[in-house]
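Structural characterization, general
One letter stands for each residue in the lines below.
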Amino acid sequence: MHLYPDLLNLYGDRGNIECLKRRLQWRGIDAETVAYTCDDTGFELSDVDILFLGGGSDREQKIVCSRLLEHKEMIKDYAENGGTIIAVCGGYQLLGKYYKLEDETIEGLDVLDIYTEQGSKRLISNIILESDLIKAKIVGFENHGGRTFIGSHKPLGRVVYGHGNDESSRAEGVVYKNVVATYLHGPLLPKNPQLCDYILTNALRHKYADFDGLEPLDDSLENMANEYIVNRFVK
Ligand code: GLN
């Protein structure tokens, strides 16, 4: 389920949906995307295997937050019970307790024990991470005013180039159960096919107890593109 593609859709975030779908279909696994937009009036998560939230401006984020608060408990339960969530930037921030702006505080969904505060400058950069989840480095692009403090949560990765969650920790994103939350646009998954397969594997394991792993795909072009970016910024 793609939540609010009409509001949270920065820097090609929609490409994540295409990537998830294609990488399943290339392996003969059927996949369907349901978009939930501003015009819709309610949703259920019982049949949802992957929930995706992209990034957006503070204004758009505020609208989404106010609408999603009525589904707070359902989204929290979904995550606690092992449902897969991918959240990028504005979507990442709204999974936390709050996002504090200069003159107001936006309440979050409290799925993660984290909070975000707006800083004086935007953190804008290409970004490269090392992560325990996959062998390849994770590459992307970040542009956020918020600094996210993740407490005792495990980050998605360590920043080797760029900013990440805040100015000083060198941590980026959060991984909690089957929730992957990150500042990386790009879009994230087409640029990082190993991460896409990591997420798909978890979602399939959660759905089918006897799932025995994804068939490998020929990712030579994707890997070359990923390595090119790493070599451009990390010597
Ligand atoms: N509005 C948020 C911020 O600036 C998120 C931006 C985004 O999704 N790129 O921090």
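To keep things clear, this report deals only with the structure shown in the data block. (Residues numbered from 1 in each chain as written. Predicted model: local features only at pLDDT ≥ 70, side-chain atom pairs only at ≥ 80, totals over all residues. Heavy atoms only, no water.)

1. Some remarks on the environment of Ala-181
With respect to the element layout, Ala-181 can be found in strand E12 (residues 179-182). Look past the residues within four positions of Ala-181 in its chain and what remains in contact with it is Ala-87, Tyr-92, Leu-95, Leu-112, Leu-156, Gly-173 and Val-174. (Helix = DSSP H or I, 4+ residues; strand = E, 2+ residues; numbered from the N terminus. Contact = heavy atoms within 4.5 Å.)

2. Points about the pairing of strand E8 (residues 138-149)
The side chains of a regular strand alternate, residue by residue, between the two faces of the sheet. In terms of burial, E8 is a largely internal element, 10 of the 12 residues being buried. Relative to E8, strand E7 (residues 115-130) runs antiparallel, the two sharing 11 bridges. Directly across from Thr-116, in E8, lies its bridge partner Thr-148. (Buried < 20%, exposed > 50% of the residue type's maximum accessible area, 1.4 Å probe, protein only. Pairing = 2+ DSSP bridges.)

3. Thoughts on empty space enclosed by the protein
Applying the stated criterion across every chain, the model contains 1 cavity of 30 Å³ or more. If you trace the largest cavity, you find it lined by Thr-84, Lys-177, Asn-178, Val-179, Val-180, Tyr-198, Ile-199 and Asn-202. The set of elements that each furnish at least two residues to the lining of the largest cavity consists of E12 and helix H6 (193-207). Counting residues per element, the lining of the largest cavity draws most heavily on H6, at 3 residues. (1 Å grid on protein atoms, 1.4 Å probe; cavity = no way out; pocket = protein on both sides within 12 Å on 5 of 7 lines; lining within 4 Å. Points joined across faces, edges and corners; volume = space filled by probe spheres on them.)

4. Regarding the site of the ligand
Near the ligand you find 16 residues, and of these Asp-58, Gln-61, Cys-89, Gln-93 and Arg-122 are the closest. One nitrogen or oxygen atom from the main chain of Gly-90 is found 3.0 Å from an oxygen atom belonging to the ligand. Within the contact set of the ligand, an oxygen atom lies 2.8 Å away from a side-chain nitrogen or oxygen of Arg-122. Relative to its unbound accessible surface of 300 Å², the ligand loses 98% to contact with the protein. (Near = heavy atom within 4 Å. Polar contact = N/O pair within 3.5 Å; in protein donor to acceptor, adjacent residues only side chain to side chain. Areas by Shrake-Rupley, 256 points an atom, 1.4 Å probe, with all protein chains shown as cover.)

5. Points about the side chain of Asn-192
Inspection of the secondary structure puts Asn-192 in the loop between helix H5 (188-191) and H6. Assessed through its relative accessible area of 2%, Asn-192 is described here as buried. Contact partners of Asn-192, with chain neighbours within four places excluded, come to Lys-137, Ile-138, Val-139 and Asn-226.

6. Focus on helix H2 (residues 58-68)
Restricting attention to buried positions, one finds in H2 the residues Glu-60, Gln-61, Val-64, Cys-65 and Leu-68. The buried residues of H2 all sit within an arc of 135° when viewed along its axis, so they share a single face. The exposed residues of H2 that point more than 90 degrees off its buried face are Arg-59 and Ser-66. On its buried face, H2 is in contact with strand E1 (2-3), strand E3 (50-53), helix H3 (72-80), helix H4 (90-94), strand E5 (98-100) and strand E6 (105-107). (Arc of directions from axis to C-beta.)

7. A short note on unusual backbone geometry
For the bond running from Gly-186 to Pro-187, omega is -5°, close enough to zero to count as cis. Inspection of the secondary structure puts Pro-187 in the loop between E12 and H5. The backbone of Cys-89 shows a phi angle near 55°, a positive value even though the residue is not glycine. Relative to the assigned elements, Cys-89 resides in the loop between strand E4 (84-88) and H4. For Asp-110, which is not glycine, the phi torsion reads 60° and is therefore positive. As for its placement among the helices and strands, Asp-110 is situated in the loop between E6 and E7.

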